[in-house]
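Understanding the architecture of this molecule
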Amino acid sequence: MTNGRSGRIAVFGAGAWGTALANLAARGGREPRAETVVTLFARDCDHVAEMQATGVNARRLPGVPLLSNVRPTSDLAEAAADADVILAVVPAQALRGLLESLEPFVAGSKAPIVVCAKGIEHGTGHFLSEVVSEVLPDHPPAVLSGPSFAQDVARGLPTAVALAAADAELAAILAGRLAGPGFRVYSSTDMRGVELGGAAKNVLAVANGVAAGRDLGASAGAALVARGFAELIRFGRAFGAEPATLMGLSGLGDLVLTCTSALSRNFSLGVALGRGQTIAEASARIGLAEGLYTCGVLVDLANAAGVDMPIAKAVDAVLAERITIDEAIAELLARPSKAEGV
Ligand SMILES: NC(=O)C1=CN([C@@H]2O[C@H](COP(=O)(O)OP(=O)(O)OC[C@H]3O[C@@H](n4cnc5c(N)ncnc54)[C@H](OP(=O)(O)O)[C@@H]3O)[C@@H](O)[C@H]2O)C=CC1
Ligand SMILES: O=C(CO)COP(=O)(O)O
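Residues numbered from 1 in each chain as written. Chains lettered and ligands numbered in written order. Predicted model: local features only at pLDDT ≥ 70, side-chain atom pairs only at ≥ 80, totals over all residues. Heavy atoms only, no water.

Take the domain arrangement of the protein chain next. Here the protein chain is partitioned into domain 1 (7–189) and domain 2 (198–334). Measuring from the centre of the C-alpha atoms in domain 1 to the corresponding centre in domain 2 gives 26 Å. On the side of domain 2, 21 residues touch domain 1, which itself brings 21 residues to the contact. A buried area of about 1,600 Å², summed over both sides, lies between domain 1 and domain 2, and 73% of it is on carbon and sulfur atoms. By the criterion of area lost to domain 2, the three top residues of domain 1 are K118, I120 and F149, representing 36% of everything that side buries. At the junction of domain 1 with domain 2, the criterion picks out one salt bridge. Notably, a salt bridge pairs D254 with K118, separated by 2.7 Å at the nearest N-O pair. (Domains from an automatic or database assignment. Contact = heavy atoms within 4.5 Å. Buried area = accessible area lost by both parts, 1.4 Å probe. Salt bridge = Lys/Arg side-chain N within 4 Å of Asp/Glu carboxyl O.)

Set out below in C-alpha coordinates:
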(Lines give C-alpha, C1' and ligand atoms only; values in the text may rest on other atoms or scores of the structure.)
(Ligands and ions follow the chains in the order given, each with its own letter.)
Protein backbone atom coordinates (compact mmCIF):
# COMPACT_ATOMS: atom_id res chain seq x y z
CA MET A 1 0.00 0.00 0.00
CA THR A 2 1.23 3.48 -0.80
CA ASN A 3 0.52 6.68 1.02
CA GLY A 4 -0.41 8.23 -2.30
CA ARG A 5 -3.88 9.59 -2.76
CA SER A 6 -4.61 7.93 -6.10
CA GLY A 7 -5.17 4.36 -4.88
CA ARG A 8 -8.18 2.16 -5.04
CA ILE A 9 -10.23 1.52 -1.92
CA ALA A 10 -12.75 -1.32 -1.65
CA VAL A 11 -15.65 -0.97 0.78
CA PHE A 12 -17.50 -4.20 1.62
CA GLY A 13 -20.96 -3.61 3.04
CA ALA A 14 -23.24 -0.97 1.55
CA GLY A 15 -25.09 -0.16 4.74
CA ALA A 16 -25.35 3.33 6.17
CA TRP A 17 -21.79 3.31 7.50
CA GLY A 18 -20.18 1.65 4.47
CA THR A 19 -21.82 4.21 2.22
CA ALA A 20 -20.74 7.19 4.32
CA LEU A 21 -17.19 5.81 4.43
CA ALA A 22 -17.17 5.15 0.68
CA ASN A 23 -17.90 8.82 0.06
CA LEU A 24 -15.19 9.85 2.51
CA ALA A 25 -12.67 7.51 0.88
CA ALA A 26 -13.69 8.77 -2.56
CA ARG A 27 -12.60 12.26 -1.61
CA GLY A 28 -9.12 10.76 -1.45
CA GLY A 29 -8.15 12.08 1.96
CA ARG A 30 -7.32 15.62 2.92
CA GLU A 31 -6.01 16.54 -0.54
CA PRO A 32 -8.38 14.89 -3.02
CA ARG A 33 -7.29 13.62 -6.40
CA ALA A 34 -9.64 12.81 -9.20
CA GLU A 35 -8.15 9.37 -9.92
CA THR A 36 -9.16 7.81 -6.58
CA VAL A 37 -11.65 4.99 -7.20
CA VAL A 38 -13.79 3.41 -4.50
CA THR A 39 -15.74 0.21 -5.06
CA LEU A 40 -18.80 -0.29 -2.85
CA PHE A 41 -19.83 -3.94 -2.53
CA ALA A 42 -23.44 -4.89 -1.77
CA ARG A 43 -24.50 -8.53 -1.89
CA ASP A 44 -27.88 -7.80 -3.50
CA CYS A 45 -27.80 -7.16 -7.29
CA ASP A 46 -31.04 -5.18 -7.17
CA HIS A 47 -29.61 -2.92 -4.49
CA VAL A 48 -26.55 -2.29 -6.67
CA ALA A 49 -28.69 -1.63 -9.74
CA GLU A 50 -30.67 0.95 -7.76
CA MET A 51 -27.51 2.70 -6.61
CA GLN A 52 -26.08 2.69 -10.13
CA ALA A 53 -29.31 4.07 -11.61
CA THR A 54 -29.97 6.77 -9.01
CA GLY A 55 -26.52 7.59 -7.63
CA VAL A 56 -27.96 7.26 -4.10
CA ASN A 57 -28.12 4.41 -1.59
CA ALA A 58 -31.78 5.06 -0.83
CA ARG A 59 -32.17 1.84 1.13
CA ARG A 60 -29.53 2.64 3.72
CA LEU A 61 -28.44 6.29 3.48
CA PRO A 62 -31.22 8.20 1.75
CA GLY A 63 -30.66 11.74 0.53
CA VAL A 64 -26.88 11.42 0.24
CA PRO A 65 -25.55 11.39 -3.34
CA LEU A 66 -22.71 8.96 -3.98
CA LEU A 67 -19.63 10.72 -5.30
CA SER A 68 -19.01 10.02 -8.97
CA ASN A 69 -15.92 7.90 -8.25
CA VAL A 70 -17.84 5.50 -5.97
CA ARG A 71 -18.65 2.37 -7.99
CA PRO A 72 -21.34 0.10 -6.54
CA THR A 73 -20.96 -3.56 -7.45
CA SER A 74 -22.24 -6.95 -6.35
CA ASP A 75 -19.24 -8.72 -7.89
CA LEU A 76 -16.68 -9.63 -5.21
CA ALA A 77 -13.86 -9.96 -7.73
CA GLU A 78 -14.59 -6.58 -9.28
CA ALA A 79 -14.93 -4.98 -5.85
CA ALA A 80 -11.60 -6.35 -4.64
CA ALA A 81 -9.59 -5.88 -7.84
CA ASP A 82 -6.43 -3.82 -7.30
CA ALA A 83 -7.66 -2.52 -3.95
CA ASP A 84 -4.80 -1.23 -1.84
CA VAL A 85 -7.07 -0.68 1.18
CA ILE A 86 -10.10 -2.77 2.16
CA LEU A 87 -12.81 -1.48 4.49
CA ALA A 88 -14.94 -4.22 6.09
CA VAL A 89 -18.27 -2.62 7.03
CA VAL A 90 -20.63 -5.59 7.34
CA PRO A 91 -22.22 -6.47 10.71
CA ALA A 92 -19.71 -7.94 13.15
CA GLN A 93 -21.16 -11.46 12.98
CA ALA A 94 -20.89 -11.43 9.16
CA LEU A 95 -17.20 -10.43 9.10
CA ARG A 96 -15.68 -13.92 9.06
CA GLY A 97 -17.96 -15.07 6.23
CA LEU A 98 -17.17 -11.97 4.18
CA LEU A 99 -13.41 -12.44 4.63
CA GLU A 100 -13.62 -16.12 3.72
CA SER A 101 -15.48 -15.29 0.52
CA LEU A 102 -12.91 -12.60 -0.30
CA GLU A 103 -9.91 -14.88 0.13
CA PRO A 104 -9.59 -16.01 -3.52
CA PHE A 105 -9.87 -12.44 -4.78
CA VAL A 106 -7.22 -10.87 -2.57
CA ALA A 107 -4.61 -13.65 -2.78
CA GLY A 108 -1.27 -12.04 -3.56
CA SER A 109 -2.35 -8.66 -2.24
CA LYS A 110 -1.30 -7.44 1.17
CA ALA A 111 -3.92 -4.73 1.36
CA PRO A 112 -4.67 -3.75 4.95
CA ILE A 113 -8.17 -4.57 6.13
CA VAL A 114 -9.80 -1.86 8.19
CA VAL A 115 -12.58 -3.27 10.37
CA CYS A 116 -15.31 -0.65 10.68
CA ALA A 117 -17.90 -2.87 12.39
CA LYS A 118 -18.36 -2.82 16.16
CA GLY A 119 -18.76 -6.13 17.95
CA ILE A 120 -17.17 -9.35 19.21
CA GLU A 121 -17.55 -12.65 17.36
CA HIS A 122 -20.01 -15.19 18.73
CA GLY A 123 -18.81 -18.72 19.27
CA THR A 124 -15.13 -17.85 19.28
CA GLY A 125 -15.22 -14.78 21.55
CA HIS A 126 -12.64 -13.24 19.25
CA PHE A 127 -12.19 -9.55 18.64
CA LEU A 128 -12.68 -8.51 15.04
CA SER A 129 -9.02 -7.73 14.34
CA GLU A 130 -8.28 -11.31 15.43
CA VAL A 131 -10.84 -12.60 12.93
CA VAL A 132 -8.98 -10.75 10.15
CA SER A 133 -5.64 -12.24 11.24
CA GLU A 134 -7.11 -15.74 11.34
CA VAL A 135 -8.83 -15.66 7.95
CA LEU A 136 -6.49 -13.43 5.92
CA PRO A 137 -3.14 -13.55 7.73
CA ASP A 138 -1.26 -11.74 4.94
CA HIS A 139 -3.39 -8.63 5.41
CA PRO A 140 -2.56 -6.33 8.31
CA PRO A 141 -5.72 -5.61 10.32
CA ALA A 142 -6.71 -2.12 11.35
CA VAL A 143 -9.72 -0.85 13.28
CA LEU A 144 -11.80 2.30 12.85
CA SER A 145 -14.07 3.31 15.70
CA GLY A 146 -15.33 6.32 17.59
CA PRO A 147 -18.39 8.53 17.97
CA SER A 148 -19.70 8.81 14.43
CA PHE A 149 -23.23 8.48 13.14
CA ALA A 150 -23.25 7.72 9.41
CA GLN A 151 -25.86 10.44 8.87
CA ASP A 152 -23.64 13.06 10.57
CA VAL A 153 -20.55 12.03 8.64
CA ALA A 154 -22.46 11.94 5.34
CA ARG A 155 -23.62 15.52 5.94
CA GLY A 156 -20.04 16.66 6.55
CA LEU A 157 -20.73 17.50 10.20
CA PRO A 158 -17.58 17.66 12.37
CA THR A 159 -16.67 14.17 13.57
CA ALA A 160 -13.57 12.66 15.21
CA VAL A 161 -12.68 8.98 15.32
CA ALA A 162 -9.72 6.71 16.07
CA LEU A 163 -8.00 4.42 13.58
CA ALA A 164 -5.61 1.82 15.00
CA ALA A 165 -3.13 -0.59 13.44
CA ALA A 166 -0.22 -2.43 15.04
CA ASP A 167 2.19 -0.40 12.93
CA ALA A 168 2.07 3.34 13.72
CA GLU A 169 3.07 4.35 10.20
CA LEU A 170 0.31 2.24 8.65
CA ALA A 171 -2.25 3.68 11.08
CA ALA A 172 -1.19 7.21 10.11
CA ILE A 173 -1.35 6.43 6.37
CA LEU A 174 -4.81 4.90 6.68
CA ALA A 175 -6.00 7.81 8.79
CA GLY A 176 -4.81 10.16 6.04
CA ARG A 177 -6.68 8.19 3.37
CA LEU A 178 -10.01 8.65 5.16
CA ALA A 179 -9.67 12.05 6.83
CA GLY A 180 -11.57 14.97 5.40
CA PRO A 181 -12.35 18.56 6.27
CA GLY A 182 -15.10 17.52 8.71
CA PHE A 183 -13.74 14.06 9.52
CA ARG A 184 -10.80 14.07 11.90
CA VAL A 185 -9.04 10.71 12.22
CA TYR A 186 -6.65 10.16 15.12
CA SER A 187 -4.19 7.30 14.62
CA SER A 188 -3.31 4.77 17.30
CA THR A 189 -1.44 1.50 17.75
CA ASP A 190 -3.89 0.22 20.38
CA MET A 191 -6.11 -1.93 18.20
CA ARG A 192 -7.54 -3.80 21.16
CA GLY A 193 -8.54 -0.63 22.96
CA VAL A 194 -10.16 0.90 19.89
CA GLU A 195 -12.15 -2.21 18.96
CA LEU A 196 -13.11 -3.13 22.51
CA GLY A 197 -14.53 0.33 23.22
CA GLY A 198 -16.71 0.22 20.11
CA ALA A 199 -18.01 -3.26 20.90
CA ALA A 200 -18.81 -2.79 24.59
CA LYS A 201 -20.45 0.63 24.35
CA ASN A 202 -23.28 -0.81 22.25
CA VAL A 203 -24.29 -3.11 25.11
CA LEU A 204 -24.10 -0.31 27.67
CA ALA A 205 -26.15 1.97 25.41
CA VAL A 206 -29.02 -0.50 25.53
CA ALA A 207 -29.11 -0.04 29.32
CA ASN A 208 -29.30 3.74 28.93
CA GLY A 209 -32.08 3.35 26.41
CA VAL A 210 -34.06 1.15 28.78
CA ALA A 211 -33.67 3.76 31.52
CA ALA A 212 -34.90 6.47 29.14
CA GLY A 213 -37.79 4.31 27.94
CA ARG A 214 -38.81 3.69 31.55
CA ASP A 215 -38.57 7.45 32.33
CA LEU A 216 -36.04 6.85 35.09
CA GLY A 217 -34.70 10.39 34.74
CA ALA A 218 -31.50 12.13 33.64
CA SER A 219 -29.73 11.36 36.91
CA ALA A 220 -30.13 7.61 36.31
CA GLY A 221 -28.86 8.07 32.74
CA ALA A 222 -25.72 9.87 33.95
CA ALA A 223 -25.10 7.23 36.61
CA LEU A 224 -25.37 4.49 33.98
CA VAL A 225 -22.87 6.25 31.71
CA ALA A 226 -20.39 6.69 34.56
CA ARG A 227 -20.73 3.19 35.99
CA GLY A 228 -20.86 1.74 32.47
CA PHE A 229 -17.59 3.49 31.77
CA ALA A 230 -16.12 1.88 34.91
CA GLU A 231 -17.16 -1.51 33.46
CA LEU A 232 -15.53 -0.63 30.15
CA ILE A 233 -12.28 0.29 31.89
CA ARG A 234 -12.29 -2.94 33.92
CA PHE A 235 -12.99 -5.04 30.84
CA GLY A 236 -10.30 -3.20 28.88
CA ARG A 237 -7.75 -3.73 31.64
CA ALA A 238 -8.40 -7.48 31.53
CA PHE A 239 -8.14 -7.68 27.74
CA GLY A 240 -5.06 -5.58 27.06
CA ALA A 241 -6.52 -2.19 26.13
CA GLU A 242 -4.65 0.96 27.09
CA PRO A 243 -6.68 3.01 29.60
CA ALA A 244 -5.91 6.21 27.66
CA THR A 245 -7.59 4.74 24.58
CA LEU A 246 -10.75 4.00 26.55
CA MET A 247 -10.77 7.55 27.88
CA GLY A 248 -10.71 8.75 24.29
CA LEU A 249 -12.92 8.74 21.23
CA SER A 250 -13.53 5.02 20.84
CA GLY A 251 -14.26 4.54 24.55
CA LEU A 252 -15.78 7.42 26.47
CA GLY A 253 -16.56 9.40 23.32
CA ASP A 254 -18.59 6.67 21.66
CA LEU A 255 -20.14 5.60 24.96
CA VAL A 256 -21.49 9.10 25.57
CA LEU A 257 -22.76 9.46 22.01
CA THR A 258 -24.50 6.12 21.93
CA CYS A 259 -25.92 6.35 25.46
CA THR A 260 -27.51 9.75 24.88
CA SER A 261 -28.71 10.01 21.29
CA ALA A 262 -31.99 8.88 19.79
CA LEU A 263 -30.09 8.42 16.51
CA SER A 264 -28.39 5.39 18.07
CA ARG A 265 -30.01 2.08 17.21
CA ASN A 266 -28.69 0.47 20.40
CA PHE A 267 -30.10 3.26 22.55
CA SER A 268 -33.36 3.09 20.57
CA LEU A 269 -33.59 -0.65 21.13
CA GLY A 270 -33.35 -0.05 24.87
CA VAL A 271 -35.95 2.73 24.73
CA ALA A 272 -38.37 0.44 22.90
CA LEU A 273 -37.85 -2.39 25.40
CA GLY A 274 -38.23 0.05 28.28
CA ARG A 275 -41.57 1.09 26.85
CA GLY A 276 -42.74 -2.49 26.66
CA GLN A 277 -42.06 -3.49 23.07
CA THR A 278 -40.70 -6.96 22.38
CA ILE A 279 -37.20 -7.47 21.01
CA ALA A 280 -38.68 -8.72 17.74
CA GLU A 281 -40.93 -5.68 17.32
CA ALA A 282 -38.15 -3.25 18.20
CA SER A 283 -35.53 -4.94 16.00
CA ALA A 284 -37.85 -5.02 13.00
CA ARG A 285 -38.31 -1.27 13.25
CA ILE A 286 -34.79 -0.23 14.28
CA GLY A 287 -32.62 -2.57 12.24
CA LEU A 288 -29.11 -3.59 13.21
CA ALA A 289 -28.36 -3.00 16.92
CA GLU A 290 -25.00 -4.71 17.46
CA GLY A 291 -25.42 -4.73 21.26
CA LEU A 292 -28.05 -7.41 20.87
CA TYR A 293 -25.46 -9.76 19.36
CA THR A 294 -22.45 -8.67 21.44
CA CYS A 295 -23.96 -8.73 24.95
CA GLY A 296 -23.78 -12.51 25.43
CA VAL A 297 -20.21 -12.92 24.25
CA LEU A 298 -19.09 -9.79 26.13
CA VAL A 299 -20.52 -11.18 29.37
CA ASP A 300 -19.00 -14.62 28.72
CA LEU A 301 -15.58 -13.04 28.24
CA ALA A 302 -16.03 -10.88 31.34
CA ASN A 303 -17.09 -13.89 33.45
CA ALA A 304 -14.17 -15.97 32.20
CA ALA A 305 -11.74 -13.18 33.10
CA GLY A 306 -13.40 -12.41 36.46
CA VAL A 307 -14.42 -8.90 35.39
CA ASP A 308 -17.38 -7.41 37.24
CA MET A 309 -19.83 -5.93 34.70
CA PRO A 310 -23.23 -5.70 36.42
CA ILE A 311 -24.81 -3.36 33.86
CA ALA A 312 -23.70 -5.43 30.87
CA LYS A 313 -24.88 -8.57 32.65
CA ALA A 314 -28.27 -7.02 33.34
CA VAL A 315 -28.60 -6.08 29.65
CA ASP A 316 -27.66 -9.62 28.63
CA ALA A 317 -30.16 -11.18 31.06
CA VAL A 318 -32.95 -8.90 29.79
CA LEU A 319 -32.13 -9.48 26.10
CA ALA A 320 -31.96 -13.23 26.69
CA GLU A 321 -35.31 -12.91 28.49
CA ARG A 322 -33.98 -14.53 31.66
CA ILE A 323 -35.25 -11.64 33.78
CA THR A 324 -37.66 -8.75 33.32
CA ILE A 325 -36.58 -5.13 33.09
CA ASP A 326 -38.07 -4.40 36.51
CA GLU A 327 -36.13 -7.31 38.03
CA ALA A 328 -32.93 -6.08 36.37
CA ILE A 329 -33.39 -2.56 37.75
CA ALA A 330 -34.18 -3.91 41.22
CA GLU A 331 -31.11 -6.17 41.15
CA LEU A 332 -28.79 -3.34 40.09
CA LEU A 333 -30.10 -1.06 42.84
CA ALA A 334 -29.95 -3.80 45.48
CA ARG A 335 -26.22 -4.36 45.02
CA PRO A 336 -24.32 -3.74 48.27
CA SER A 337 -22.81 -0.28 48.68
CA LYS A 338 -19.13 -0.14 47.91
CA ALA A 339 -16.31 2.33 47.47
CA GLU A 340 -16.47 4.10 44.13
CA GLY A 341 -13.72 3.13 41.72
CA VAL A 342 -12.89 0.95 38.79
N1 LIG B 1 -24.49 3.43 11.08
C2 LIG B 1 -23.57 4.04 11.81
O3 LIG B 1 -23.72 5.23 12.13
C4 LIG B 1 -22.34 3.32 12.23
C5 LIG B 1 -22.23 1.95 12.14
N6 LIG B 1 -21.09 1.33 12.57
C7 LIG B 1 -20.96 -0.12 12.50
O8 LIG B 1 -20.88 -0.52 11.15
C9 LIG B 1 -21.43 -1.83 10.99
C10 LIG B 1 -22.46 -1.79 9.88
O11 LIG B 1 -23.47 -0.89 10.30
P12 LIG B 1 -24.43 -0.11 9.30
O13 LIG B 1 -23.76 0.18 8.03
O14 LIG B 1 -25.00 1.00 10.06
O15 LIG B 1 -25.55 -1.23 9.09
P16 LIG B 1 -26.79 -1.25 8.12
O17 LIG B 1 -27.84 -1.99 8.84
O18 LIG B 1 -27.08 0.11 7.60
O19 LIG B 1 -26.27 -2.12 6.92
C20 LIG B 1 -25.63 -3.35 7.08
C21 LIG B 1 -25.22 -3.75 5.70
O22 LIG B 1 -24.42 -4.91 5.77
C23 LIG B 1 -24.83 -5.74 4.71
N24 LIG B 1 -24.50 -7.11 4.99
C25 LIG B 1 -24.95 -7.88 6.00
N26 LIG B 1 -24.37 -9.08 5.92
C27 LIG B 1 -23.56 -9.05 4.83
C28 LIG B 1 -22.72 -9.99 4.23
N29 LIG B 1 -22.59 -11.20 4.73
N30 LIG B 1 -22.03 -9.61 3.13
C31 LIG B 1 -22.17 -8.39 2.61
N32 LIG B 1 -22.95 -7.45 3.14
C33 LIG B 1 -23.64 -7.80 4.24
C34 LIG B 1 -26.32 -5.53 4.60
O35 LIG B 1 -26.74 -5.94 3.32
P36 LIG B 1 -28.27 -6.16 2.95
O37 LIG B 1 -28.78 -4.76 2.68
O38 LIG B 1 -28.19 -7.00 1.74
O39 LIG B 1 -28.92 -6.81 4.12
C40 LIG B 1 -26.42 -4.03 4.80
O41 LIG B 1 -26.25 -3.32 3.60
C42 LIG B 1 -22.00 -2.23 12.36
O43 LIG B 1 -21.09 -3.04 13.01
C44 LIG B 1 -22.13 -0.89 13.09
O45 LIG B 1 -22.01 -1.03 14.48
C46 LIG B 1 -20.03 2.02 13.05
C47 LIG B 1 -20.09 3.38 13.13
C48 LIG B 1 -21.23 4.15 12.72
O1 LIG C 1 -21.56 3.33 16.48
C2 LIG C 1 -22.31 4.24 16.29
C3 LIG C 1 -21.96 5.63 16.57
O4 LIG C 1 -20.60 5.78 16.86
C5 LIG C 1 -23.67 3.96 15.80
O6 LIG C 1 -24.44 3.61 16.90
P7 LIG C 1 -25.67 2.64 16.72
O8 LIG C 1 -25.16 1.40 16.05
O9 LIG C 1 -26.19 2.44 18.10
O10 LIG C 1 -26.65 3.36 15.83
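In this structure's numbering, the residues bearing the UniProt feature "active site" (unreviewed entry) are K201. Using a relative accessible area of 5% as the deciding quantity, one classes K201 as buried. Those residues within four positions of K201 in sequence are excluded, and the remaining contacts are K118, D254, L255 and T258. (UniProt positions renumbered as here; feature names shortened; annotations may be inferred. Buried < 20%, exposed > 50% of the residue type's maximum accessible area, 1.4 Å probe, protein only.)

The next point concerns the packing of helix α8 (residues 191–213) against helix α14 (residues 290–305). Two elements in contact, α8 and α14, have axes separated by 8 Å at closest approach and are oriented at 105°. Our classification of the angle between α8 and α14 gives roughly perpendicular. Where α8 approaches α14, its residues A199, A200, N202 and V203 are matched on the opposing element by E290, G291, T294, C295 and L298. Split by residue class, the contact of α8 with α14 holds five nonpolar, three polar and one charged. (Axes fitted to C-alpha atoms, helices over the stretch in contact; angles between N-to-C directions. Helix = DSSP H or I, 4+ residues; strand = E, 2+ residues; numbered from the N terminus. Parallel < 35°, antiparallel > 145°, perpendicular 65-115°, else oblique. Nonpolar A, V, L, I, M, F, W, Y, C, P; charged D, E, K, R; others polar.)

Moving on, we come to the site of ligand 1. Around ligand 1 sit 20 residues in total, of which A16, R43, A150, R265 and E290 are the nearest. Here W17 contributes a backbone N or O atom positioned 3.0 Å from an oxygen atom of ligand 1. Note that an oxygen atom of ligand 1 is positioned 2.7 Å from one of the backbone N or O atoms of A150. Compared with its free state, where it exposes 890 Å², ligand 1 has 86% of that area covered by protein. (Near = heavy atom within 4 Å. Polar contact = N/O pair within 3.5 Å; in protein donor to acceptor, adjacent residues only side chain to side chain. Areas by Shrake-Rupley, 256 points an atom, 1.4 Å probe, with all protein chains shown as cover.)

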